[in-house]
Amino acid sequence: MNNSKSNNHADFYGFLAQSFRYPEQAWLGEPYFDLLDSIVQNLDLDNDTLGLRQTYCANQEGLEILQIEYTRLFINATPSVIAPPYSSVYLDQEGNLYGPSAVWVRRFYQQNGFELAGDADIPDHLALELEFIALLIDEHQEEVAEQFLNEHFRRWFPLFRARVLSGSTNKFYSTLLTLVDFFTREEP
Amino acid sequence: MAFQMTRRSFLQASASAALTTALSGWLVSGAQAKSGFVRKPFTAPGSFGDTTTVSGSFCEMCFWRCQLVGKLRDGKLVKLEGNPKSVDNGVSICARGNAGVKLLYDQDRLKYPLKNVGKRGAPVWKRISWDEALDECASRLQGVIKNNGAQGIAMFPHGCSATYPMHYFEHVVGTPNVSEASFFQCRGPRDMAYLNTLGVQADESVDMPNAKAILLVGTHIGENIHVSHVKQYLKGLENGAKLIVIDPRFSSSASKADIWVQIKPGTDTAFLLAIMNYLVKKGAYDKAYVQKNGEGFDKFTKAIAHADLDWAAKICDVPAAQIKEVADLLAKNAPHVSIHPGRHVTWYGNDFQRERALACLTGLLGAIGVKGGFVKGKGPKLANVSWPNIAGEHAEEFALHKKAEKHVFSPPGTPTQMLRDAAISNKPYPINACIAWGQNPIQTIPGQQDTIKMLQKMDFVMVVDVMPTDITMYADILLPELSYLERYDYFVKSGVQWNLNDKHQQYIAPRTPLVSSLSADHQRKDSVWITNELAKRMGHAEHIPAATTEELLDKVLAGGNISLAQIKKENGIHLQPGSDPYGVSYPVKFFNDELADAGYPGVPNYTPVPEPPKGFARLVYGRVPVHTFNRSQNNVWLNAEMPENPIWLNHETAHKLGLKSGDRVNLVNQDGVISATTSILKVTQGIRKDTIFTAHGYGTKNPAMTNAANKGIDDQALITKPAVDPETGAHGMRTSFVRIMKDGKVLNIPV
Ligand code: SF4
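Conventions and cut-offs
Residues numbered from 1 in each chain as written. Chains lettered and ligands numbered in written order. Predicted model: local features only at pLDDT ≥ 70, side-chain atom pairs only at ≥ 80, totals over all residues. Heavy atoms only, no water. Near = heavy atom within 4 Å. Nonpolar A, V, L, I, M, F, W, Y, C, P; charged D, E, K, R; others polar. Helix = DSSP H or I, 4+ residues; strand = E, 2+ residues; numbered from the N terminus. Buried < 20%, exposed > 50% of the residue type's maximum accessible area, 1.4 Å probe, protein only. Polar contact = N/O pair within 3.5 Å; in protein donor to acceptor, adjacent residues only side chain to side chain. Contact = heavy atoms within 4.5 Å. Domains from an automatic or database assignment. Buried area = accessible area lost by both parts, 1.4 Å probe. Salt bridge = Lys/Arg side-chain N within 4 Å of Asp/Glu carboxyl O. Pairing = 2+ DSSP bridges.

Chemist: Sorry, what's going on with the site of the ligand here?
Modeler: Near the ligand there are 13 residues, and of these Cys59(B), Cys62(B), Arg65(B), Cys66(B) and Cys94(B) occur at the shortest range. Residues of the shell around the ligand, tallied by class, amount to nine nonpolar, two polar and two charged.

Chemist: Can you help me understand the side chain of Asp489(B) in this one?
Modeler: Residues and elements named next belong to chain B. Mapped onto the secondary structure, Asp-489 falls in the loop between β15 (477-480) and β16 (492-496). Exposure remark for Asp-489: the relative accessible area of 2% places this residue in the buried category. Within the structure, the side chain of Asp-489 is placed 2.8 Å from the side chain of Arg-487, a separation counted as a polar contact. Leave out the neighbours within four places in its chain, and Asp-489 touches Cys-160, Ser-161, Arg-511, Thr-549 and Leu-553.

Chemist: Where do I start with the domain arrangement of chain B in this structure?
Modeler: It is common to report an interface's size as the accessible area lost on association of the parts. All names here are of chain B. For chain B, the assigned domains read domain 1 (114-182 + 381-508 + 521-577), domain 2 (206-364) and domain 3 (617-747). The interface is formed by 24 residues belonging to domain 1 together with 26 residues belonging to domain 3. Summed over both sides, the interface of domain 1 with domain 3 buries roughly 1,800 Å², with 52% coming from carbon and sulfur. Our count for the contact surface shared by domain 1 and domain 3 stands at zero salt bridges. Among the elements of the structure, α17 (416-425) and α18 (441-444) are those that each provide at least two residues to the side of domain 1 that touches domain 3. Considering only residue class, the side of domain 1 that touches domain 3 consists of ten nonpolar, twelve polar and two charged.

Chemist: Looking at this structure, I do not really get the interface of chain A and chain B. What am I missing?
Modeler: Chain A puts 75 residues into the contact, and the matching count from chain B is 62 residues. On the chain A side of the interface with chain B, the three residues burying the most area are Asn76(A), Thr78(A) and Asn96(A), jointly 10% of the side's total. The tally of links from chain A across to chain B stands at three salt bridges. One can count 30 residue pairs in polar contact (both at pLDDT 80 or more) joining chain A with chain B.

Chemist: Help me understand the pairing of strand β13 (residues 433-437) of chain B, please; the structure alone is not making it clear to me.
Modeler: Successive residues of a regular strand alternate their side chains across the two faces of the sheet. Residue and element names in this part refer to chain B. Among the five residues of β13, five are classified as buried, and the element is accordingly described as predominantly covered. Residues Ala-433, Ile-435 and Trp-437 of β13 are buried on one face, and the alternating residues Cys-434 and Ala-436, pointing to the opposite face, are buried as well. Sheet topology places strand β7 (residues 153-157) next to β13; five bridges connect them, and they run parallel. What sits directly across from Phe-156, in β13, is Ala-436. Note: β13 against strand β14 (residues 460-465), five bridges, orientation parallel. Among the inter-strand pairings, Ala-433 is bridged to a residue of β14, identified as Phe-460.

Take a look at the structure:
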């Protein structure tokens with residue numbers, strides 16, 4: 001496996017990490033949708049990415065819809081927030097943030113030479129975990145990435161995904177959840 | 001979904017021209033977020049897992065403000081403990097204090113400024129930037145000021161963090177329409193009654209550790225937990241103090257009492273008048289103290305001369321002999337008796353008079369400035385730093401109760417009932433903006449439907465809070481505040497050692513963050529920052545008293561000749577020598593001219609309260625040790641301890657109705673309001689037949705409180721006919737009558 005190819009792989013995870021950050025005009029431009037289209041086409045998914053581009057790319061109204069949906073799904077909502085994107089909420093009995101699984105995640109980051117950039121950050125946000133995988137792959141630490149996926153990520157992501165899908169019909173997030181699943185699922 | 005290809009084959013094919021182009025196109029677009037990680041070599045932690053102790057801060061799970069230390073592991077707060085340097089709570093904190101950790105990491109906490117793009121009451125939230133949020137708040141508030149004047153803004157503040165913005169809105173913006181639940185739905189009548197009887201604040205200034213007898217009227221210490229206060233109470237009992245508890249319910253205090261008076265609710269003042277009349281007639285009072293410090297004693301004795309033991313016995317539904325027994329016990333142990341002023345006293349709308357009676361009884365027994373009596377510790381001096389009062393006169397001119405010449409003895413602010421009535425009716429002037437800051441008026445103010453009506457008619461509603469409480473559903477703009485564990489505060493906790501008989505010490509304990517306020521995970525801010533930013537946008541930049549909370553705090557501390565940096569070095573608490581608090585005397589206005597001149601009874605009097613209609617019992621409410629009302633309901637640990645509020649029902653009544661402990665029931669009030677939720681029944685001998693009790697603060701309706709929503713019964717929703725205390729304008733909230741509903745069937749309470 002050559003260097004450039006490996007970096008390539010890392011970038012897909014970086015792309016997914018970005019996708020679960022708060023939707024902003026700045027990153028939801030044509031290049032983002034070009035890549036999304038391209039990945040979806042290569043995977044032969046029947047998801048309608050053209051529709052997504054039309055709705056959300058450089059479209060103030062569409063962007064606002066996506067922002068409201070992100071807030072409702074992942075931040076604060078009435079009735080309740082649909083699916084907080086943190087592993088603790090799914091893995092730790094108390095359903096709080098920063099439970100034992102988040103502590104485990106932070107220690108795993110540290111053991112592999114990474115520390116969170118802000119001192120009070122919650123370690124187990126979906127976007128952070130995906131970015132961590134990207135960093136590992138970028139450093140050719142595929143086995144460690146696999147260990148992280150196996151011991152942690154795959155235990156909560158399906159629960160999270162199910163909660164989003166049962167609480168939302170938004171195509172953008174359902175497509176991205178499909179992609180995250182594809183890039184993180186266990187393969188024989 | 002079945003994928004056509006494996007990840008491996010995809011990645012192998014990912015060199016495909018189209019994909020490579022798309023990927024590099026995305027990469028060069030530079031639209032990726034800043035990395036959330038930095039590189040750092042790993043060093044294995046020691047056997048304590050790198051646990052560090054951070055000293056400072058004080059608890060805000062309730063208002064008692066116990067001093068804390070935090071145990072941190074790797075940036076995560078893992079435990080809270082009492083600060084070993086504390087001379088107040090010491091190393092102890094209560095269950096709620098411990099559970100503060102779970103507030104910090106509550107998944108439902110507010111994180112970003114939100115704009116309601118739906119409706120009030122049925123919000124749809126959009127995350128917005130602080131600039132956008134503050135710009136909108138400022139322009140909408142200014143719009144209301146332009147059309148209606150500053151008095152067109154109503155504010156409902158609560159807690160340490162709300163003081164600074166409250167001063168801003170009162171003194172700089174110039175609205176009188178600020179209504180604090182801590183006064184008008186809690187201790188206002190007590191504070192005003194003591195000020196107008198003994199000339200000083202009541203607080204809970206009774207020297208219980210050194211008392212020979214303690215009188216509690218409705219106060220249920222033990223269920224109502226404030227650490228140093230409980231320590232004082234228990235020390236007193238340990239030292240042999242006799243305990244008298246007046247309560248319709250067998251409270252935890254009643255269970256420790258030497259005399260438990262199972263009084264009929266609403267009649268406490270009659271009980272107190274009879275005791276005083278008996279003591280006066282018998283000459284069993286502190287004649288020397290009364291002679292020297294009493295005012296209007298003759299008028300007083302005349303006015304209460306009718307209150308004999310039999311009169312009170314009939315009203316209070318207790319034996320005359322028991323009233324006498326209480327009076328004799330107090331007289332025997334005077335002056336070393338603690339007549340507890342209570343704290344939450346807004347019960348029946350005649351509460352000012354009851355509190356006056358308690359203060360008079362204290363004076364009559366000479367229980368002032370002596371061991372075991374009413375004694376105020378002498379705390380340290382601090383500077384008074386806040387917004388300049390540039391618009392106070394304007395505010396004064398528009399104060400509703402002053403315009404109407406009502407509630408002359410109102411605590412600071414505007415009586416809530418008047419404020420809400422004015423806002424709904426636009427009379428005498430329109431009030432079109434509402435700010436809730438750390439208070440949940442939906443559950444603090446009785447008459448929920450009116451509160452909602454008021455919110456719906458506003459031009460603008462702004463809410464600042466930590467958790468998504470009920471009121472947040474009505475916000476147009478919702479701002480997230482840092483919790484007490486992440487911020488500095490303007491308010492400084494100070495006082496003296498918990499037992500006045502110990503070595504005299506004063507302490508100063510500012511709030512300092514135990515964990516960092518910065519995180520990529522949220523954008524919460526403290527109230528000083530929020531208020532200053534708002535003030536800049538509203539044209540008041542020149543009046544800002546300090547740029548940051550730290551700077552403001554340092555100015556406050558400078559008044560005590562100490563700095564924040566120094567206190568941090570001293571592990572969060574500064575101690576200095578104190579002085580002897582005993583030997584002080586206060587005048588006692590047995591008859592108060594100002595009250596009489598204003599048309600109120602100059603001598604404490606008893607006004608009967610409405611009786612329960614046939615088939616109903618009176619609903620009374622109180623505290624439980626693991627909750628502080630609404631604010632702790634969503635906390636996972638506390639919720640697990642006590643998710644619901646049991647409904648106390650007399651055992652004979654229950655037997656007649658065929659009910660048993662554990663039954664799920666609704667409550668239905670005299671106006672036909674049915675509790676939205678059910679709770680469990682507690683059948684007990686420990687409550688009168690004419691009374692039903694439950695804990696206050698349950699049954700929040702906001703589903704965003706995922707642990708607490710719809711658990712237990714919201715007693716406030718059943719208080720549809722609050723009374724209003726004539727002197728103070730505070731609410732009376734034990735004014736509802738209820739029946740029980742089981743399986744959809746409403747059951748009459750037998751007499
Ligand atoms: S009594 Fe309990 S909840 Fe109140 S301040 Fe103290 S520790 Fe906190």
